[in-house]
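Residue-level listing of the chains:
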Amino acid sequence: MKGYLTEFKFQKPVTVYNYPKGVKAFYMRLNDDLTTVAAMDVVVPKVGELIGGSQREERYGVIKSRIEETGLPIEP
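Residues numbered from 1 in each chain as written. Predicted model: local features only at pLDDT ≥ 70, side-chain atom pairs only at ≥ 80, totals over all residues. Heavy atoms only, no water.

Let's talk about the sheet that holds strand β1 (residues 14–20)
(1) Moving on: What the 3 strands build is an open sheet, ordered β1-β2-β3; its pairing is antiparallel. Two strands close off the open sheet at either side, each with one partner strand: β1 and β3 (48–54). Direction aside, neighbouring strands of the sheet carry axes that sit 25 degrees apart on average.
(2) Moving on: By the bridge criterion, 6 bridges tie β1 to strand β2 (residues 36–44) in an arrangement that is antiparallel. The residue bridging V16 from the neighbouring strand is D41, located in β2. (Pairing = 2+ DSSP bridges. Helix = DSSP H or I, 4+ residues; strand = E, 2+ residues; numbered from the N terminus. Axes fitted to C-alpha atoms, helices over the stretch in contact; angles between N-to-C directions.)

Here it is, written out as structure tokens:
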């Protein structure tokens, strides 16, 4: 998807942000819409992802729920 955006759609660097929560790690901060997370990538043609980042989830209840959604154990 990201390659398509830079190579064909825009033909220049793009910033992709607010990814669907299902495609990113459980510890990324859930946005207020409850379907996306606070994550971003800067993608460059012919290179791919150049920079990536995300805000980490700091709310205990939310991260606990996200861990349970993914089926991971709460305790090590």
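Some remarks on helix α2 (residues 60–70)
(1) Moving on: Along α2, the positions that sit buried rather than exposed are I63, R66 and I67. For α2, the angular spread of the buried residues around the axis is 100 degrees, confining them to a single face. (Buried < 20%, exposed > 50% of the residue type's maximum accessible area, 1.4 Å probe, protein only. Arc of directions from axis to C-beta.)

Section: the side chain of R29
(1) Moving on: Inspection of the secondary structure assignment puts R29 in the loop between β1 and β2.
(2) Moving on: The class of R29 is buried, set by a relative accessible area of 17%.
(3) Moving on: Setting aside residues no more than four positions away along its own chain, R29 makes contact with T36, V37, A38, Q55, R56, E57, E58 and R59. (Contact = heavy atoms within 4.5 Å.)

Some remarks on unusual backbone geometry
(1) Moving on: Of note, the phi angle at Q11 is positive, near 55 degrees, even though the residue is not glycine.
(2) Moving on: By the element assignment, Q11 lies in the loop between α1 (2–9) and β1.
(3) Moving on: Classification of Q11 as exposed rests on a relative accessible area of 60%.
(4) Moving on: For L34, which is not glycine, the phi torsion reads 65 degrees and is therefore positive.
(5) Moving on: The residue L34 is located in the loop between β1 and β2 in this model.
(6) Moving on: Residue classification places L34 among the exposed residues on the basis of a relative accessible area of 53%.

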